[in-house]
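Examination of the molecular architecture
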Amino acid sequence: MFVRRRRPLLVSVVLVAGAGLALTACGPENTEAAGGSTAPATTAVAVAPSATGAPAVGAPSVPGATGAPRTSAPATGAASHTPSGVSPSSGTRPDGGSAGAAARPCAIDSLAIHATARAGAPTQWVIEVRNSGTAACSLSSTPGVDLGNSTAADRSKNIKPVLASGTARFAVPAGQSAYAVIDLDPSGATTGTVPGINELNVLVDDDTNMPLANTRNFPLGNGARVLNPQMGIYRSSVAEAVTSMAAAPN
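This structure is a prediction, so every number in the text was calculated from the model and none was measured. (Residues numbered from 1 in each chain as written. Predicted model: local features only at pLDDT ≥ 70, side-chain atom pairs only at ≥ 80, totals over all residues. Heavy atoms only, no water.)

Details of the state of the cysteines
Here the structure, examined in full by the defined rule, presents one disulfide. For Cys106, the disulfide goes to Cys137, at an S-S distance of 2.0 Å. Here the S-S torsion is close to 85°, and the disulfide linking Cys106 with Cys137 is therefore right-handed. With Cys106 in the loop between helix H1 (2-25) and strand S1 (111-118) and Cys137 in strand S3 (residues 137-139), the pair connects residues that are 31 residues apart, well separated along the chain. Given the relative accessible area of 6%, Cys106 is considered buried. Its relative accessible area of 1% is what places Cys137 among the buried residues. (Disulfide = S-S within 2.5 Å. Helix = DSSP H or I, 4+ residues; strand = E, 2+ residues; numbered from the N terminus. Buried < 20%, exposed > 50% of the residue type's maximum accessible area, 1.4 Å probe, protein only.)

Topic: the sheet that holds strand S4 (residues 144-148)
One open sheet accounts for three strands, arranged S4-S8-S9; its pairing is antiparallel. Of all strands in the sheet, those bounded by a partner on one side alone are S4 and strand S9 (216-219). Going across the sheet, the axis of each strand differs from the next one's by a mean of 20°, ignoring polarity. Where S4 meets strand S8 (residues 199-203), five bridges bridge the pair, whose relative direction is antiparallel. Within the sheet, the bridge partner assigned to Gly144 lies in S8 and is Leu203. (Pairing = 2+ DSSP bridges. Axes fitted to C-alpha atoms, helices over the stretch in contact; angles between N-to-C directions.)

What about helix H2 (residues 238-246)?
Looking only at H2, the buried set comprises Ala241, Val242, Ser244 and Met245. The buried residues of H2 occupy an angular sector of 160° when the element is viewed end-on, so they sit on one face. Facing away from the buried side of H2 by more than 90 degrees, the exposed set consists of Ala239, Thr243 and Ala246. (Arc of directions from axis to C-beta.)

Some words on the sheet that holds strand S2 (residues 121-131)
Taken in spatial order, the five strands make up an open sheet running S1-S2-S7-S10-S5, and their pairing is mixed. Unpaired on one side and paired on the other, S1 and strand S5 (162-163) mark the two borders of the sheet. Relative to strand S10 (residues 230-231), strand S7 (residues 177-183) runs antiparallel, the two sharing two bridges. Paired with Asp183 across the bridge in S10 is Gln230. Contacting S1, S2, S7 and S10, H2 runs over the sheet at an angle of about 40° to S7. (Contact = heavy atoms within 4.5 Å.)

Digging into unusual backbone geometry
Backbone geometry at Asn209 places phi at a positive 60°, although glycine is not the residue there. Among the secondary structure elements, Asn209 is positioned in the loop between S8 and S9. The class for Asn209 is exposed, based on a relative accessible area of 77%. With phi around 50°, Asn228 is a residue other than glycine that occupies positive phi space. Locating Asn228 in the fold gives a position in the loop between S9 and S10.

Following this line, the structure appears as structure tokens:
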């Protein structure tokens, strides 16, 4: 009698334990959210930054995220450009002066001015303007020149020479000279010349509003023959200045 009572109890315990295991194995994997929809499972992924501060490989790119700065390569192929109409300072002008100096007129206190009769040509005079300054400067294409009487009160009747063509300013390097040649009597006439002319007046720069007080006066001596004088433009040598003077219209 005692044995029969324990056996059913043991069977019940076994059955209850087995049922518990079955319920655990067959439980639902997903649970329904409120409203009947099934909420998808989400997985959080932690991404650790690399040791250098740049995003780790495989991490999504996030604008503004702190990381190694990107460096853009400099553009290549850019050519240097010289503005149109600007001459290099090392160039030379067709008229013999240095390029780039025309914008700076010569100051009268940096010039030494002389006028002398040309050897072998008694009717020709050489005007020399030496730049005694430390930098190049420029003069008008030709000096302002007239011929008159040193004692005359009225200078309005002074004689001006016919000029060779040329309008470009002439640049004079430091320590060098510009020359202009005037022929008082190109025809060589001995009669019909203008009487009483004994002075050559020179304003070295005739187009920069240089004061007339800077005019230099050179005596020609009595008996100077003056008739239809002509003058060339500034040149770098006496020979070139003579050639320029000869090209002036008669």
